[in-house]
Amino acid sequence: MIKFQDVPYMRLNMDRFEQKFRSQLEEFKHAKSFGAAYYALLGLDRIRDEFSTLAVICEARNTMDVNDVFYKEETEFFDRVKPRYEALENEMNEALLESPYQKEFEIHIGTEPFRMAALHKESFHPEIMEELKQENELSSKYSEMIANLKAETEEGVVPLSKIGTHMGSEDRNERAKYAAIWEKSFASAGEELDDLYDRLVKVRDRIAKKLGKKSFTEVGYCRMGRTSYTRKDIVSFREEVKKNLVPVAQRLFEKQRQALGVEVLYHYDEDIFAGGKKPQPTQNILEDFQKVYQELSPETRVYYEELLKCEFFDLSMRPGKIMGAYSNYVAQYHMPFIFETYHATTGALKTFAHETGHGFHSYTKRGEPFSFSGACSSDLAEIHSMGMEFLVWPYLKYVLPEEEIASYCYIHLKNALSFIPYGCAIDEFQETIYDYPNLSVEDRKDLWKQLEKQYMPWKKYDTDLFLSKGRAWQRQTHVYRWPFYYIDYVLAQVCALELHFMDQENHETAWNCYKKILEYSGQKGFKETIESAGLPSPFQEAVIKELAQSVENSISWELMGAEI
């Protein structure tokens, strides 16, 4: 199998591609039998793989070095042609919905692809082509801007990603110092970030109006393929979080403050274990994680060995590489590509488990004849990754010193719970912004400050450089690039925690539940999938309250070294 670095790339001939796509689509539309329609759609799917493969390769190599002129130009090319591709996808969705063989297809690909097609049809019209180009170009600028942020340190000017280990130092003074350096770096781009977001909000509002929607929030729900729940359900869910989860999270942070013996728990203290120590994961994450996946299951062993053999990953830190992580499926090579700036922190370890969880789903689905079967909504996709973060707990001895495993688990569990209100705050922020697109820059900052008080009352800052000014949302890539994605993380986190407590009781039961979620994702909607797999819905009454109590009860403060 070819290694990722050797995968060839060529610019797509969009005119020829469009002609080929439409020709195959016509064959599907005029099929005289289900068999003919089946193989016509299969051929269309292979054509779609051609586009997605080149787009993924381009994105990967651009994010590996945003200053590479060739791939920067190719990224700009895809920003221009993606609206044309979306138009083709919309035509395919219309053909799927009009197909006389829908019932037969549902046996092979499930009912969800047809519901998703109906929603995606609502979020596209040829009239918004120009706005889509503008949106793509603007959102791409965010990644480029952040990738090029520099940190001014005593050792000289370095990429911002290089100071991550200092920000997690056991020395509180060092943490505070480098947290301020980080804030100063982001603050230097503050006005540019304001302007970029304002332009994105305005263009997205024009998209919504041209589609006949009241606000871009409605468009966002369609784009995210939400077939199982509504905006009203999310509003009720967020209120449950405020009422029943935030107080528990606040108590956990207060106990942590006491355990650390500090007068104020600042934002850079939140990941620090009692006594000021912090777990130090392995530097050799790729090699050592092989032992984790060897023991987890036969399926993960085969998956991970092939990932290593083909080198479909990039974990190094270097100038020009964006900060962040993702897993993308390279369709024509039937392999996921794992991307991260790994710097041997607890967050980086969790992120690696997360992204390889995404990769495991796409790897297990690669034998399906249609890509529809694996193209699930992101609320389900994030269970694949967040669930894997917890499922590797029994094997952490391979990537952490044994004496530090308890502290890692404490940090992971506490942060998993406290992430839920943060994600809700991001979601409510975006919903308000797009409902009121003419809010000023200062209004947006004030809105975030209000939401932070409601959802994260424990947040404390010791500088007035960036975060305390209501700008914390500006470090979240999704707000700029993938609006309304973040609540999907939240719902998935709830499910991942449920899976975790199931795993604590019976590992085999939890693993089988996880595999069922992988299997049903793409064929069924969010609620149908998790309920069929054996998990209660996050929207069910008392789920949030009971989950928060389970997390609080499961943290042993004596084990953590805190006399509370």
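What you see is a predicted model; the values in this text were computed from it and never measured. (Residues numbered from 1 in each chain as written. Predicted model: local features only at pLDDT ≥ 70, side-chain atom pairs only at ≥ 80, totals over all residues. Heavy atoms only, no water.)

**Q** Help me out: how do you make sense of the overall build of the protein in this one?
**A** Across its full length, the protein holds 22 helices and five strands. By the compact-globule yardstick of 24 Å for 564 residues, the protein fits well, its C-alpha radius of gyration being 23 Å. Counting only C-alpha atoms, the protein reaches 75 × 50 × 50 Å along its principal axes. Looking at the protein as a whole, 59% of its 564 residues qualify as buried. Residue pairs at least 24 apart in sequence account for 77% of intrachain contacts in the protein once pairs closer than 6 positions are excluded. Total accessible area on the protein stands at roughly 23,000 Å², and carbon and sulfur atoms take up 48% of it. Seen as two clouds, the 70 positive and the 92 negative side-chain charges of the protein have centres 2 Å apart. (Helix = DSSP H or I, 4+ residues; strand = E, 2+ residues; numbered from the N terminus. Rg over C-alpha atoms; globule rule 2.2 N^0.38 Å. Buried < 20%, exposed > 50% of the residue type's maximum accessible area, 1.4 Å probe, protein only. Contact = heavy atoms within 4.5 Å. Areas by Shrake-Rupley, 256 points an atom, 1.4 Å probe, with all protein chains shown as cover. Lys, Arg positive; Asp, Glu negative; His and termini not counted. Charge placed at Lys NZ, Arg CZ, Asp CG, Glu CD.)

**Q** So what exactly am I meant to see when it comes to the sheet that holds strand 3 (residues 313–314) here?
**A** Two pairing modes exist for strands in a sheet, parallel and antiparallel, and in both the strands are linked by backbone hydrogen bonds. Spatial strand order, 3-5-4: three strands in an open sheet with mixed pairing. Each edge of the open sheet carries a strand with a single partner, namely strand 3 and strand 4 (325–330). As paired strands, strand 4 and strand 5 (residues 335–340) are joined by six bridges and run antiparallel to one another. Within strand 5, the position partnered with S327 by the bridge is I338. Sitting on the sheet, helix 13 (residues 298–310) touches strand 3 and strand 5, and the angle it makes with strand 5 is about 70°. Its contacts with the sheet place helix 14 (residues 346–364) against strand 4 and strand 5, and it is angled at close to 165° to strand 5. (Pairing = 2+ DSSP bridges. Axes fitted to C-alpha atoms, helices over the stretch in contact; angles between N-to-C directions.)

**Q** How should the nonpolar core be read in this particular structure?
**A** Looking at soluble globular proteins, one finds that nonpolar side chains tend to be buried together. Residues F105 and F289 are the most contacted members of the largest nonpolar core, which totals 191 residues. No other element matches helix 16 (residues 405–435), which puts 17 residues into this core. (Core = buried A, V, L, I, M, F, W, Y, C linked by side-chain atoms within 4.5 Å.)

**Q** Got a minute to help me understand the pattern of salt bridges in this structure?
**A** Close approach of charged atoms allows side chains with opposite charge to pair. In this structure the tally under the stated criterion is 47 salt bridges. R46 serves as the salt-bridge partner of D45, at 3.3 Å between the closest nitrogen and oxygen. K350 is the partner of E389 in a salt bridge, and the nearest nitrogen-oxygen pair spans 3.9 Å. Of this pair, E389 sits in helix 15 (residues 378–391) while K350 sits in helix 14, placing them 39 residues apart in sequence. You can call E389 buried: its relative accessible area is 3%. The network of salt bridges with shared partners includes R231, R238, E239, K242, D427, E428, E431 and D435. (Salt bridge = Lys/Arg side-chain N within 4 Å of Asp/Glu carboxyl O.)

**Q** Got a minute to help me understand the state of the cysteines in this structure?
**A** Here a disulfide denotes a covalent bond joining the sulfur atom of one cysteine to the sulfur atom of another. Overall, the coordinates contain zero disulfides when judged by the stated rule. Between C376, a free cysteine, and C495, which holds the nearest cysteine sulfur, the sulfur-to-sulfur gap is 12 Å. C376 sits in the buried class, given a relative accessible area of 16%. (Disulfide = S-S within 2.5 Å.)

**Q** Is there a simple way to explain a negative patch on the surface in this structure?
**A** There is a patch of like negative charges on the surface, built from E73, E76, E130 and E137. Every element with two or more residues in the negative patch is listed here: helix 3 (69–98) and helix 6 (129–147). Secondary-structure assignment places E130 in helix 6. (Patch = residues over 30% accessible without salt bridge, like charges linked within 9 Å, V, L, I, M, F, W, Y side chains within 5 Å.)

**Q** What exactly am I supposed to notice about the environment of S228 here?
**A** Looking at the secondary structure, you find S228 in the loop between helix 10 (216–223) and helix 11 (231–260). For the pair formed by S228 and R115, sequence separation is 113 residues and the distance between their alpha carbons is 9.9 Å. When residues no more than four places from it in sequence are discounted, the contact partners of S228 are G525, F526 and K527. Polar contacts involving the side chain of S228 include one to the main-chain amide nitrogen of F526, which spans 3.0 Å. Polar side-chain contacts of S228 include one of 3.3 Å to the backbone nitrogen of K527. (Polar contact = N/O pair within 3.5 Å; in protein donor to acceptor, adjacent residues only side chain to side chain.)

**Q** What exactly am I supposed to notice about the pairing of strand 2 (residues 156–159) here?
**A** Sheet topology note: the strand 1 (residues 150–153)/strand 2 ladder contains four bridges and is antiparallel. Within strand 2, the position partnered with K150 by the bridge is P159. If you look at the hairpin formed by strand 1 and strand 2, you'll find two residues sitting between the two strands.

**Q** Hey, could you run me through the pairing of strand 5 in this one?
**A** Remember that side chains alternate between the two faces of the sheet whenever the strand is regular. Among the six residues of strand 5, six are classified as buried, and the element is accordingly described as predominantly covered. Going residue by residue along strand 5, you find M335, F337 and F339 tucked away on one face and P336, I338 and E340 tucked away on the opposite face as well.

**Q** Explanation requested: the environment of A179 in the structure shown.
**A** Along the chain, A179 turns up in helix 8 (residues 172–188). Linking A179 and T300, residues 121 residues apart in sequence, is a C-alpha distance of 37 Å. The contact partners of A179, leaving out residues within four places of it in the chain, are M167, H267 and Y268.

**Q** Hey, could you run me through unusual backbone geometry in this one?
**A** Most peptide bonds take the trans configuration, and most residues that are not glycine carry a negative phi. With a phi angle near 55°, E311 is a residue other than glycine that sits in the positive phi range. By relative accessible area, which is 29% here, E311 ends up partly exposed. Positive phi is not limited to glycine here, since A344 has a value of about 55°. Here A344 is to be found in the loop between strand 5 and helix 14.

**Q** Just to check I follow, could you spell out the side chain of S185 for this structure?
**A** Within the element layout of this structure, S185 appears in helix 8. S185 sits in the buried class, given a relative accessible area of 4%. At a separation of 2.8 Å, a polar atom in the side chain of S185 contacts the main-chain carbonyl oxygen of K150.

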